[in-house]
Amino acid sequence: MDLDHVCTLHKRWFRNLRIVAQKPDYVEYHLTSLFYGLKQETTARGGPIDENRYWYEFVTPLAKMRVDGLMEGQDGDLTQTETITFKFHWFLAPLFWVLRPLFKKQKEDILRDDSALLERVYELDGIGFKRFEPALPRVVVYGGDGFFGHLVVEDLLKYSSAEIIIASRHPKATTFHPFETRVHKVESDINDYASVLSTIEGAEVVVSCIGPYQGQSLNLLRACTERHIAYVDVADDRDFVVRCHQFSSVVQEAGITAFVGCSVVPGMSSLLTKYCQEEIPLIERTRIFISPGTQHPRGRGSFLCLLSTVGNEFLIPSGGGRQTVRGWTGRERVCFPPPMGNRWVYFVVDIADYFLQPIYFGVKTVEFKIGSELDILNRTLSAVRQFKRVLNSKNADWLLPMSKALIYAASLFGTSQGGVMVEVSGQTHAGVRKMWLSVFAGENGEVIPALLPSVATQMLLRGEVTCRGIVPLPDWLPRERFLEELTKRRLRMGAKSDGTWLALNCVPTPPA
């Protein structure tokens with residue numbers, strides 16, 4: 001038994017289906033029910049009793065409706081009988097009595113549509129029609145309805161044929177037109193290991209887009225090793241990535257492929273550094289800069305991550321030793337390719353590049369700075385750092401509503417430009433040299449973080465990645481393929497070594 005058709009067939013009455021449990025003898029979903037303008041979050045559950053009898057019920061905050069059904073007769077001449085029982089608080093009795101005609105009308109609409117569906121299926125069976133449903137590869141995206149997760153799902157839907165399962169604790173009523181039939185939603189908490197195991201069953205790839213990663217559990221990676229499923233995440237936090245690498249022997253033994261940190265940092269920054277290494281073999285210092293647009297405010301996880309960095313101290317590699325820096329200090333002006341131009345940036349967060357760049361490239365100094373296109377936001381967060389220091393406050397989560405309001409206000413004046421830039425310096429046969437590479441967008445720059453996890457997932461589905469264990473981030477995507485994927489998405493890549501930015505790819509002109 002299933003209720004998957006409820007939101008598809010009865011769009012007037014139900015929407016936003018989220019799977020809680022789905023077994024041969026029992027199903028349970030959460031959905032939004034609509035009753036002549038009254039919107040309620042509803043639990044729908046049910047199951048077969050025997051080959052002829054079944055039950056299901058809808059549980060809402062106001063009432064519970066149980067249906068006991070019976071199917072009798074031969075195919076083509078079936079008689080369906082349903083007994084409906086309502087349970088609600090006694091003081092609602094007058095209201096429900098008045099609404100009886102509406103309840104009856106709603107049930108007649110639903111029964112008519114269900115009957116029409118059954119009759120059509122019977123007719124098609126009678127003429128020998130066989131519906132061809134190709135077995136689509138299944139990809140589970142945790143956090144697929146968040147800001148960045150939504151972009152990853154959109155990219156996968158556009159550039160792959162996969163069925164996408166969006167998993168989160170409280171799935172949102174987001175839509176993915178025109179790919180709705182390939183998207184399903186499941187309620188699952190990443191901290192509930194049994195729930196994770198159940199959700200990823202049958203998947204070929206699992207993608208984690210749940211942030212912030214600071215202190216996050218490794219349950220998803222552990223579950224993938226247990227179920228032998230490929231894993232991709234967009235983690236940027238050093239501690240999380242270090243813990244994943246400490247788990248690498250288990251990943252290797254499980255024989256799965258795991259992309260850890262497959263986002264702008266450390267994923268894209270590692271690739272750009274590798275491309276620079278082709279011209280600067282002995283890299284001594286890597287500096288990484290990000291400047292996102294403000295037109296599209298990020299999700300709650302991004303806000304929490306941002307606030308958690310304000311004023312916090314952490315160690316970075318510096319000259320072969322360690323240097324202590326504090327979040328939202330080290331103000332500096334850097335130049336991105338046009339149209340982005342000059343941006344103010346700051347030390348912000350303890351990113352995974354501080355751990356990975358010395359391993360991958362033997363780099364002695366690594367710096368990472370980020371800044372908004374609107375300098376007033378940068379100065380505000382710098383002021384928050386001073387405020388926390390004066391108050392000796394360890395936590396700034398209480399500033400979340402105020403910060404979100406400020407950034408939403410700033411979005412009215414911002415753009416959707418965005419970019420990441422890597423500055424590499426080191427030794428060549430001709431002496432010391434410095435080089436810059438940047439991935440940027442004049443508009444829709446928010447899609448940049450979604451590129452690598454989507455491309456990695458597609459390559460895993462096509463069997464193009466043969467590495468087992470945790471994938472070295474600089475080595476899996478050749479420059480030509482990277483440029484091709486950027487161009488598909490109207491993203492650009494620029495290089496600079498003598499003061500002038502040069503384009504390394506071109507965005508195709510849209511058809512007239």
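The preceding data block contains the structure.
All values derive from a computational prediction rather than experimental measurement. (Residues numbered from 1 in each chain as written. Predicted model: local features only at pLDDT ≥ 70, side-chain atom pairs only at ≥ 80, totals over all residues. Heavy atoms only, no water.)

**Description of the packing of helix α9 (residues 264-277) against helix α11 (residues 353-361)**
Here's step 1: Packing of α9 against α11 brings their axes to within 11 Å, and their N-to-C directions diverge by 30°. When the axis of α9 is compared with that of α11, the two are roughly parallel. For the pair α9 and α11, the crossing hand works out as right-handed. Counting all contacts with α9, which are made through Val 265, Pro 266, Ser 269, Ser 270, Thr 273, Lys 274 and Gln 277, the residues of α11 involved are Asp 353, Leu 356, Gln 357, Tyr 360 and Phe 361. (Axes fitted to C-alpha atoms, helices over the stretch in contact; angles between N-to-C directions. Helix = DSSP H or I, 4+ residues; strand = E, 2+ residues; numbered from the N terminus. Parallel < 35°, antiparallel > 145°, perpendicular 65-115°, else oblique. Left-handed = near helix turned anticlockwise from the far one by under 90°. Contact = heavy atoms within 4.5 Å.)

**Side note on the sheet that holds strand β16 (residues 329-335)**
Here's step 1: Here we have eight strands laid out as an open sheet, ordered β16-β17-β18-β13-β19-β20-β22-β23, and mixed in their pairing. The sheet is open, and its two borders are formed by β16 and β23 (502-503), each paired with just one other strand.
Here's step 2: Inspection of the sheet shows strand β22 (residues 492-496) paired to β23 by two bridges, in the antiparallel sense. Bridge pairing in β23 links Ala 495 to Leu 502.
Here's step 3: Each of β13 (282-292), β18 (365-370), β19 (418-428), β20 (431-441) and β22 touches α9; the most contacted strand, β19, lies at about 40° to it. (Pairing = 2+ DSSP bridges.)

**What to know about helix α15 (residues 479-488)**
Here's step 1: Of all 10 residues that make up α15, seven are buried, and the element is covered over most of its length.
Here's step 2: Within α15, the full set of buried residues consists of Arg 479, Arg 481, Phe 482, Leu 483, Glu 485, Leu 486 and Thr 487.
Here's step 3: The elements touched by buried residues of α15 are α9, β20, α14 (448-461) and β22.
Here's step 4: Just downstream of α15, Arg 490 is the residue with a positive phi angle, here 60°. (Buried < 20%, exposed > 50% of the residue type's maximum accessible area, 1.4 Å probe, protein only.)

**Some points on the nonpolar core**
Here's step 1: With 121 residues, the main nonpolar core has Leu 272, Trp 476 and Phe 482 as its most contacted residues.
Here's step 2: For this core, the leading source of residues is α14, giving eight residues.
Here's step 3: If near-sequence neighbours (up to four positions away) are discounted, Leu 272 is found in contact with Val 420, Val 422, Leu 437, Val 439, Phe 482 and Met 493.
Here's step 4: In this structure, Val 345, Met 421, Trp 436 and Trp 501 belong to the second largest nonpolar core, which totals nine residues. (Core = buried A, V, L, I, M, F, W, Y, C linked by side-chain atoms within 4.5 Å.)

**Regarding the side chain of Ser 291**
Here's step 1: For Ser 291, the location among the structural elements is in strand β13.
Here's step 2: Residue classification places Ser 291 among the buried positions, given a relative accessible area of 0%.
Here's step 3: In this structure the side chain of Ser 291 is engaged in a polar contact, spanning 2.6 Å, whose partner is the side chain of Arg 343.
Here's step 4: Ignoring anything within four residues of it in the chain, the contact list for Ser 291 reads Phe 336, Met 340, Arg 343, Gly 371, Ser 372, Glu 373, Gln 417, Gly 418 and Gly 419. (Polar contact = N/O pair within 3.5 Å; in protein donor to acceptor, adjacent residues only side chain to side chain.)

**A word on the packing of aromatic side chains**
Here's step 1: Counted according to the given criterion, the structure contains 18 aromatic pairs.
Here's step 2: The interplanar angle of 5° and the centroid separation of 4.2 Å between the aromatic rings of Phe 88 and Phe 96 together place this pair among those described as stacked.
Here's step 3: Residue Phe 96 is classed as buried on the basis of its relative accessible area, which comes to 11%.
Here's step 4: Ring plane angle 90° and centroid distance 5.0 Å describe the contact between Phe 147 and Phe 148, whose orientation is recorded as edge-to-face.
Here's step 5: For Phe 148, a relative accessible area of 27% gives the class partly exposed.
Here's step 6: Taken together, the aromatic side chains of Trp 13, Phe 35, Tyr 36, Phe 86, Phe 88, Phe 96 and Phe 103 make up a single cluster linked through ring pairs.
Here's step 7: Here Arg 331 stacks its cationic end above the ring of Trp 344, 3.9 Å away from the centre of that ring. (Phe/Tyr/Trp six-rings, centres within 6.5 Å; stacked < 30°, edge-to-face > 60°. Lys NZ or Arg CZ within 6 Å of the ring centre and 35° of its normal.)

Bear in mind that shape data such as this cannot, by itself, settle questions of function.
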